[in-house]
Amino acid sequence: MKDVSKPSRQDVVDREGAGRLTASRLLLWLGGATLGLLFLVGVVNLAAPRAFARLFAEPSTPVPSPAPAQPQAAIVDQTGYSFPSPDFIAEARAYLEEAGYQVTYHPPEELTVNFYRTLPDRGYDLILFQSHATSEVATREGEDARGAIPPGPFLFTTELYERQRHLGLQMSDQVRASKLFYEDSPELFAVGPRFVRRSMRGYFRDTVIVIGGCQSLAAPDLAQAFLEKGASAVIGWDEMVNLSHNNRAVLHLLEAMLVEQLPPAEAVESAMTAVGPDPGYDSTLRIRR
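Residues numbered from 1 in each chain as written. Predicted model: local features only at pLDDT ≥ 70, side-chain atom pairs only at ≥ 80, totals over all residues. Heavy atoms only, no water.

Draft legend 1. Layout of the overall build of the protein. Along the protein, the regular secondary structure elements total eight helices and 10 strands. Sorting the 289 residues of the protein into buried and exposed places 42% on the buried side. Counting only contacts in the protein whose residues sit at least 6 apart along the sequence, the fraction spanning at least 24 positions is 72%. Carbon and sulfur atoms make up 55% of the accessible area of the protein, which amounts to about 16,900 Å² in all. (Helix = DSSP H or I, 4+ residues; strand = E, 2+ residues; numbered from the N terminus. Buried < 20%, exposed > 50% of the residue type's maximum accessible area, 1.4 Å probe, protein only. Contact = heavy atoms within 4.5 Å. Areas by Shrake-Rupley, 256 points an atom, 1.4 Å probe, with all protein chains shown as cover.)

Okay, here's the thing in structure tokens:
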């Protein structure tokens, strides 16, 4: 007879362990296969729409590169408040437009203190101030403040002066009451270097600034304030200037910069060679950079 013996307890334990190991391996294999299948499905879902789109799409049309932004220029016509120069404005505008600038004309009625406050944010590449300017201080009752107060220069607005208006700006010497150089001139607010530094919003973007006004570079502080605000060059007069002489010089300046494409410093020299100093005041155009 065969000896059929009952399996030992150890044999049973070994067999159960082997079975569990096989089941675990099978579960791991099934899990890996499932993950692999999910990965393939994801790849197909991502790639297939693009492949079909490329297969059936019409040939693409080349997209042209965006055109460079048109340069921006402003003509700020403060002198039009008292001495309009329509022919000069038209010629200056023509030079700018022929050179590719989009020109914005700001008439006298716009030129308040708040207008000047927002000027840097307007994004101009060139600003032509056709504006009265002064390095002298308006005083009352015959008192002499010259020498006691820094000279500026200050750019005129067309906003009539009121003692109780812009008090903070007046107390910090950012704006002053100023008068034009003719009899019975009204007092107007004028903005100075401290206003440019403290109250103008934003920054100029390498703007070329031309100030066609008396004494606009008689002292350096206003030009320096504009440079600190981002201007690349400031051009103006070192003393009083007759309006007609200013207009001739500025038109020669624009022609030299925009038609002959001279750098600003060379354009100033060219304009002064063409028209010479002001015959009455011996003033000349200057540049600060």
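Back to the text.
Draft legend 2. Examining helix H6 (residues 221-228) more closely. Within the sequence span of H6, burial applies to Leu222, Ala223, Ala225, Phe226 and Leu227. Close packing links the buried residues of H6 with strand S3 (126-130), strand S5 (154-160), helix H5 (193-198), strand S8 (208-211), strand S9 (233-237) and strand S10 (285-288). In the segment just after H6, Gly230 is the residue with positive phi, at about 115°.

Draft legend 3. Main features of the packing of aromatic side chains. Scanning all chains against the criterion turns up five aromatic pairs. Of the aromatic side chains, those joined through ring pairs into one cluster are Phe115, Tyr116, Phe129, Phe204 and Phe226. Taking the ring centre of Tyr203 as reference, the NZ or CZ of Lys229 above it sits at 4.7 Å. (Phe/Tyr/Trp six-rings, centres within 6.5 Å; stacked < 30°, edge-to-face > 60°. Lys NZ or Arg CZ within 6 Å of the ring centre and 35° of its normal.)

Draft legend 4. A look at the packing of helix H2 (residues 86-98) against helix H7 (residues 243-259). Orientation of H2 relative to H7, taken along the N-to-C sense of each, is 10°, at an axis distance of 9 Å. It follows that H2 is roughly parallel to H7 by the angle criterion. Here Phe88, Glu91, Ala92, Tyr95 and Leu96 of H2 lie close against H7, whose contacting residues are Asn247, Val250, Leu251, Leu254, Glu255, Leu258 and Val259. Within the contact of H2 with H7, the residues separate by chemical class into nine nonpolar, one polar and two charged. (Axes fitted to C-alpha atoms, helices over the stretch in contact; angles between N-to-C directions. Parallel < 35°, antiparallel > 145°, perpendicular 65-115°, else oblique. Nonpolar A, V, L, I, M, F, W, Y, C, P; charged D, E, K, R; others polar.)

Draft legend 5. Highlighting the sheet that holds strand S1 (residues 72-77). Taken in spatial order, the six strands of this open sheet run S2-S1-S3-S8-S9-S10, and their pairing is mixed. With partners counted over all chains shown, the strands left at the sheet margins are strand S2 (102-106) and S10, one partner each. Across the sheet, the mean angle separating the axes of adjacent strands is 15° when strand polarity is ignored. Bridging between S1 and S3 involves five bridges; their strand directions are parallel. The residue of S3 that forms the bridge with Val76 is Phe129. The strands touched by H6 within the sheet are S3, S8, S9 and S10, with S9 carrying the most contacts at an inclination of about 160°. Contacts between H7 and the sheet are confined to S3, S8, S9 and S10, with S3 contributing the most and set at about 170° to the helix. (Pairing = 2+ DSSP bridges.)

Draft legend 6. A look at the sheet that holds strand S7 (residues 187-191). Taking strand neighbours across the sheet as the criterion, the four strands line up as S4-S5-S7-S6 in an open arrangement whose pairing is antiparallel. The sheet terminates laterally at strand S4 (133-134) and strand S6 (175-179), the two strands that pair on one side only. Where S4 lies against S5, two bridges are found, and the strand directions are antiparallel. Paired with Thr134 across the strands is Phe154, a residue of S5.

Draft legend 7. Representation of the nonpolar core in the model. Ranked by size, the top nonpolar core spans 32 residues in total, and within it Tyr116, Phe129, Leu155, Phe226 and Val234 carry the most contacts. Among the elements of the structure, S1, helix H3 (113-117), S3, S6, S7, H5, S8 and H6 are those that each provide at least two residues to this core. Here the element with the most residues in this core is H6; it accounts for five residues. Filtering out sequence-adjacent residues up to four positions away, Leu155 remains in contact with Tyr116, Phe129, Ser131, His132, Ala133, Phe189, Ala190, Val191, Ile211, Leu222 and Phe226. In this structure, Leu96, Leu126, Ala249 and Val268 belong to the second largest nonpolar core, which totals 31 residues. (Core = buried A, V, L, I, M, F, W, Y, C linked by side-chain atoms within 4.5 Å.)

Draft legend 8. Spotlight on unusual backbone geometry. In the Ramachandran plot, His166 falls in the positive-phi region, its phi being about 55° despite a non-glycine side chain. Mapped onto the elements of the fold, His166 is located in the loop between S5 and helix H4 (167-171). The class for His166 is buried, based on a relative accessible area of 17%. Even without glycine at this site, Asp173 takes up a positive phi of about 55°. Relative to the elements of secondary structure, Asp173 occurs in the loop between H4 and S6.

Draft legend 9. Looking closely at the packing of H7 against helix H8 (residues 264-275). Two elements in contact, H7 and H8, have axes whose closest approach is 8 Å; the angle formed by their N-to-C orientations is 135°. Accordingly, the angle class assigned to the pair H7 and H8 is oblique. Viewed along their axes, H7 and H8 form a crossing whose handedness is right-handed. Listed contacts from H8 to His245, Arg248, Ala249, His252, Leu253, Ala256 and Met257 of H7 are Pro264, Ala267, Val268, Ser270, Ala271, Met272, Ala274 and Val275. The class makeup of the residues in the contact of H7 with H8 is 11 nonpolar, three polar and one charged. (Left-handed = near helix turned anticlockwise from the far one by under 90°.)

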